[in-house]
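Letter by letter, the chains look like this.
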Amino acid sequence: MRFVLLFFVLCIACAREAPDPPQAQAPSADSAAQTFAAGRALQARGLFTQAEQAYRQALQQAPDNPQYHYYLGVALHAQSRFAAAQTQFEQALELKPDYAGPRIALGKMFYDVHGKVEEARQLLTEALELAPNAVEARYILGAIHQREGQLQQAREFFAAIATADSTHLQARLQLGLVDLKLGNYQQAEQQLRQVAHLSPHEPAAFLGIGQALLRLGRAAEGQRALERARVLDEQNAQLKAHQDAVRQYPDQPQAHSNIAALYSRFGRLKLAIEHYRQSILIDSTYGLGYQGLGTLLQRRGKDDLAARYYLEALSHDSTLAESHNNLGLIFHKRGELEKALKQYERAVRFSPATGFYHSNIGNAYLEMNQLDQAQAAINQAIKLDAKLYSAHILLGDIHARRGEFARAIALWENIPSGGATSKALQAKIAEARQQLSAQ
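Residues numbered from 1 in each chain as written. Predicted model: local features only at pLDDT ≥ 70, side-chain atom pairs only at ≥ 80, totals over all residues. Heavy atoms only, no water.

### Regarding the overall build of the chain
Put simply, the rule is: Under the DSSP-based scheme used, a helix requires at least four consecutive residues in state H or I and a strand at least two consecutive residues in state E, with every element numbered from the N terminus. In this treatment the radius of gyration is a C-alpha quantity, and the globule benchmark scales as 2.2 Å times the residue count to the 0.38 power. In this scheme, a residue with accessible area under 20% of its type's maximum is buried, one over 50% is exposed, and one in between is partly exposed, where area comes from a 1.4 Å probe on protein chains only. Any pair of residues with heavy atoms lying within 4.5 Å of one another is described as a contacting pair. The protein chains shown are the only cover counted for residues, whose accessible areas, like all others here, come from Shrake-Rupley with a 1.4 Å probe. Residues scored as charged are limited to Lys and Arg (positive) and Asp and Glu (negative), so that His and the chain ends carry no count. Charge positions are represented by NZ for Lys, CZ for Arg, CG for Asp and CD for Glu.
Counting its secondary structure elements, the chain contains 23 helices and zero strands. The C-alpha radius of gyration of the chain comes to 30 Å, more than 25% above the 22 Å expected for a compact globule of 439 residues. Principal-axis analysis of the C-alpha atoms places the extent of the chain at approximately 95 × 60 × 30 Å. For the chain, the residues scored as buried account for 46% of the 439 residues in total. For the chain, long-range pairs separated by at least 24 residues make up 47% of all intrachain contacts whose partners lie at least 6 apart in sequence. In the form shown here, the chain has an accessible surface area of approximately 22600 Å², with 51% of it arising from carbon and sulfur atoms. Taken together, the 46 basic and 43 acidic charged side chains of the chain have centroids lying 6 Å from each other.

### Regarding the packing of helix α9 (residues 169–182) against helix α11 (residues 203–215)
As a reminder, the rule being used: Where helices are involved, their axes are fitted lines through C-alpha atoms of the stretch in contact, as for all axes, and angles between N-to-C directions lie from 0 to 180°. Every angle not falling under 35 degrees, over 145, or within 65 to 115 is termed oblique; those three ranges are roughly parallel, roughly antiparallel and roughly perpendicular. Note on convention: near helix rotated counterclockwise from far helix by under a right angle means a left-handed crossing. Clockwise means right-handed.
α11 packs onto α9 with a crossing angle of 25° between their chain directions and a minimal axis gap of 10 Å. Here α9 is positioned roughly parallel relative to α11, judged by the angle of their axes. Crossing of α9 against α11: the hand is left-handed. Of the residues in α11, those in contact with Leu 173, Leu 177 and Leu 180 of α9 are Ala 204, Ala 205, Gly 208, Gln 211, Ala 212 and Arg 215.

### Quick look at the pattern of salt bridges
Cut-off, in case you're wondering: The term salt bridge refers to a side-chain nitrogen of Lys or Arg lying within 4 Å of a carboxyl oxygen of Asp or Glu.
Evaluation of the coordinates by the stated rule reveals 24 salt bridges. One salt bridge in this structure joins Arg 56 and Glu 52, with 3.0 Å as the shortest N-O distance. In this pair, Arg 56 and Glu 52 are both assigned in helix α2 (residues 48–61), four residues apart and thus about one turn of the helix distant. The salt bridge partner of Glu 221 is Arg 218, with a shortest N-O separation of 3.0 Å. Since its relative accessible area comes to 29%, Glu 221 is described here as partly exposed. Given the relative accessible area of 30%, Arg 218 is considered partly exposed. Several salt bridges converge on common partners, so that one network encompasses Glu 189, Arg 193, Arg 218 and Glu 221.

### Details of the nonpolar core
To be explicit about the condition: Only buried residues count toward a nonpolar core, which is a set of Ala, Val, Leu, Ile, Met, Phe, Trp, Tyr and Cys residues joined through side-chain atoms within 4.5 Å.
With 49 residues, the main nonpolar core has Ile 361 and Ile 378 as its most contacted residues. Not counting the four nearest positions on each side in its chain, Ile 378 is found in contact with Ser 359, Gly 362, Asn 363, Ala 391, Leu 394, Leu 395 and Ile 398. Core analysis: the next-biggest nonpolar cluster, separate from the first, contains 41 residues, Val 74, Ala 85, Leu 93 and Ala 127 among them.

### Let's talk about helix α18 (residues 337–350)
Put simply, the test is: Each helix should span, by expectation, one fewer than its residue count multiplied by 1.5 Å. To be clear, the arc concerns the directions from the helix axis to the C-beta atoms.
Here α18 is 14 residues long and its end C-alpha atoms lie 20 Å apart, about the 20 Å a rise of 1.5 Å per residue gives. Residues of α18 that are buried: Leu 337, Ala 340, Leu 341, Gln 343, Tyr 344, Ala 347 and Val 348. Along the axis of α18, the buried residues cluster in a sector spanning 165°; they form a single face. Contact partners of the buried residues in α18: α16 (303–316), α17 (321–334) and α19 (355–367).

### Comments concerning the confidence of the model for the chain
Rules: Values of pLDDT, ranging from 0 to 100, describe the predictor's confidence in every residue of the model.
When pLDDT is averaged along the chain, the result is 92, and 92% of the positions lie at 70 or above. Across residues 1–19, confidence stays below pLDDT 50; counting only partners more than four residues off in sequence or on other chains, it has 29 contacts.

Printed below as a string of structure tokens:
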């Protein structure tokens, strides 16, 4: 059976800006417009050098188009070529004096690059007069006030944005952080918790929550929030290279599969599902995408659907050891031990150095009461991974099944406390001791 999966992809804009001014398109401008559109697509992928070339080609055909000058400036700015970017922004304003976008870009650049506070404020204020709904200009003005220590003014800007658009998480985040600096700890905590609820992987929100809680005397809660911020920071650092790869190579299924695997490891399951689905939308024969979706479904207890995805994955790539192993786990759970064993053995064939695949073989043989085969598989698992404590427990189970309770107890008692569920292990030991005393 083949799956037809229908999805949609949201394109991520590289930079916020005021709405582009409407451009009158003459029939002769079609080629320039197409080249410009290609530049926008390259820019969205973070390919700024290539985008620059596309914008320059568009300008060769339409040199008086202010929008083309503006976006060329954006591409140059992204490459830290600030003087050249400024020239293009100023050229756009010469051609269209009421264009808000270049004013916003210049205002941000004047502050961030040159430290020209008043010039930046003037340009951003002018942009707001021309385009009152230009949220980015309002946000940058708030950020300038915040960095210059004018916290109350900054708060007013961020609060205005958050009131008009409750989904503007950056404004709400900065509003919470400003309240924190102003000593409004309860307001800060409330605002930042709302941000964390809507964006649960934003480390700055948890950092602010932790700091607010510490100042409110709630030390234990505060430390937990600070630890969460630290973990998210580490995760985001690991994700960055994969996020860049997806942006630069959006049509490569492997880029989506790689980041999906990392999202899955970090428990960001919705994002993992989106990227696995995207990988098989790009290539319907991409086995790793089906395997990834199967793994996520299996984790949610949807074994029947997961099994279908594993079979689909294996129909495209029979060497996927993880699909064989996980399919074996589903059969094992159903009590279909012969089928499970076949899948485990295939997993070992394609990934012989993976210890827990051998351990699964041993577990299946143990339940089939074929103890010699079980012990051989478990010994191989331990040889490959001495810290695979589940294999040590199974080896103890084999000894106990043979009536060698003293050996089982000695083995189990040497397992580190973190290596197994202590209650279950202690129950095994207690039962073995009873059996030993009865001998």
